[in-house]
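Survey of secondary and tertiary structure
Listed here are the chains, written in short residue letters.
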Amino acid sequence: MSDLDTKIIAALERLAHVLRTLLWEEATASRLSPIQIQTLLYLNSHAEDLCRVGQLAQEFGLTSATMSDAVTTLEAKGLLQREPSPNDRRAQRLRLTAQGRRFSAKLSHWADALHASLAHFSPEEKAQALKFLLKLIESLYRAEIITVARICLTCRFFRANLHRDPRAPHHCALMDKPLAESDLRVDCPEHELVAKG
Ligand code: SF4
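In this report, the structure presented in the accompanying data block is examined. A quick note: this is a predicted structure, and the numbers were derived from the prediction, not measured. (Residues numbered from 1 in each chain as written. Predicted model: local features only at pLDDT ≥ 70, side-chain atom pairs only at ≥ 80, totals over all residues. Heavy atoms only, no water.)

Observations regarding the overall build of the chain
Across its full length, the chain holds 7 helices and 5 strands. Each helix and strand of the chain, ordered N terminal to C terminal, gives the series α-α-α-α-β-β-α-α-α-β-β-β. Dimensions of the chain, computed from the C-alpha atoms along their principal axes, are close to 55 × 40 × 35 Å. Counting over 197 residues, the chain shows a buried share of 31%. For the chain, contacts bridging at least 24 residues in sequence account for 46% of all contacts bridging at least 6. For the chain, the accessible surface area stands at approximately 12,500 Å², while carbon and sulfur atoms represent 56% of it. Positive and negative side-chain charges of the chain, numbering 26 and 24 respectively, have mean locations separated by a distance of 4 Å. (Helix = DSSP H or I, 4+ residues; strand = E, 2+ residues; numbered from the N terminus. Buried < 20%, exposed > 50% of the residue type's maximum accessible area, 1.4 Å probe, protein only. Contact = heavy atoms within 4.5 Å. Areas by Shrake-Rupley, 256 points an atom, 1.4 Å probe, with all protein chains shown as cover. Lys, Arg positive; Asp, Glu negative; His and termini not counted. Charge placed at Lys NZ, Arg CZ, Asp CG, Glu CD.)

Structural data, given as structure tokens:
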């Protein structure tokens, strides 16, 4: 492993520590566990067909039993409810209650400190950082280290470098429009997985 690789891993570890700390601070203030907070934030920002216990367990890299415990606690607090899935009556989907939606809106400020730091960087620097991070996520997904990656680089609608315009070289075949590096999505609701090469 090169010295540069070691430094990148050390930097990612520092950033992961920052994210854990911010989440813990929010958890302490709201008297929820970090995974319960992540669950509320996830339910608040994803389509209902992605809101099942099994899906959340995959997203967070947890067992179904651990995920189910977190969901049961949030249900007991009146923040979410389970209901039959319209497509499969045997499956259950999770939905925030009105109280859960209000609570999630407050929690969404947990990353404000990071937003404030990012404001000091140019759009070009941030687009380059996004490109690097998405490529890293794609590589980890292909190595089966992470199981969920709804990013452009793993999407069957993505056409890399289809256009000559350096400002928007890529293309989304679903929306039929060019994509700049900064347009690449990290968690796209329309994503459909391309077959692994
Ligand atoms: S559908 Fe979404 S993930 Fe797929 S290429 Fe288009 S924007 Fe990217």
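Topic: the pattern of salt bridges
Tallied over the entire structure, the rule returns 14 salt bridges. When the shortest N-O distance is used, the salt bridge between Glu83 and Arg95 registers 3.0 Å. With Glu83 in strand E1 (residues 80–84) and Arg95 in strand E2 (residues 92–96), this pair connects stretches of sequence that are 12 residues apart. Relative accessible area serves as the criterion here: at 16%, Glu83 is assigned to the buried category. For Arg95, a relative accessible area of 30% puts it in the partly exposed group. (Salt bridge = Lys/Arg side-chain N within 4 Å of Asp/Glu carboxyl O.)

Brief notes about the packing of aromatic side chains
With the rule as written, the count across this model stands at 1 aromatic pair. Centre to centre, the rings of Tyr42 and Phe60 are 6.0 Å apart; their planes meet at 80°, and the pair counts as edge-to-face. Here the residue Tyr42 occupies a position in helix H2 (residues 34–45), and Phe60 occupies one in helix H3 (residues 53–60), the gap between them amounting to 18 residues. Judged by its relative accessible area of 22%, Phe60 is partly exposed. (Phe/Tyr/Trp six-rings, centres within 6.5 Å; stacked < 30°, edge-to-face > 60°.)

Side note on the site of the ligand
Around the ligand, the surrounding shell consists of Cys152, Cys155, Phe157, Phe158, Cys172, Leu174, Met175, Arg185, Cys188 and Glu190. The class makeup of the residues in the shell around the ligand is 8 nonpolar, no polar and 2 charged. (Near = heavy atom within 4 Å. Nonpolar A, V, L, I, M, F, W, Y, C, P; charged D, E, K, R; others polar.)

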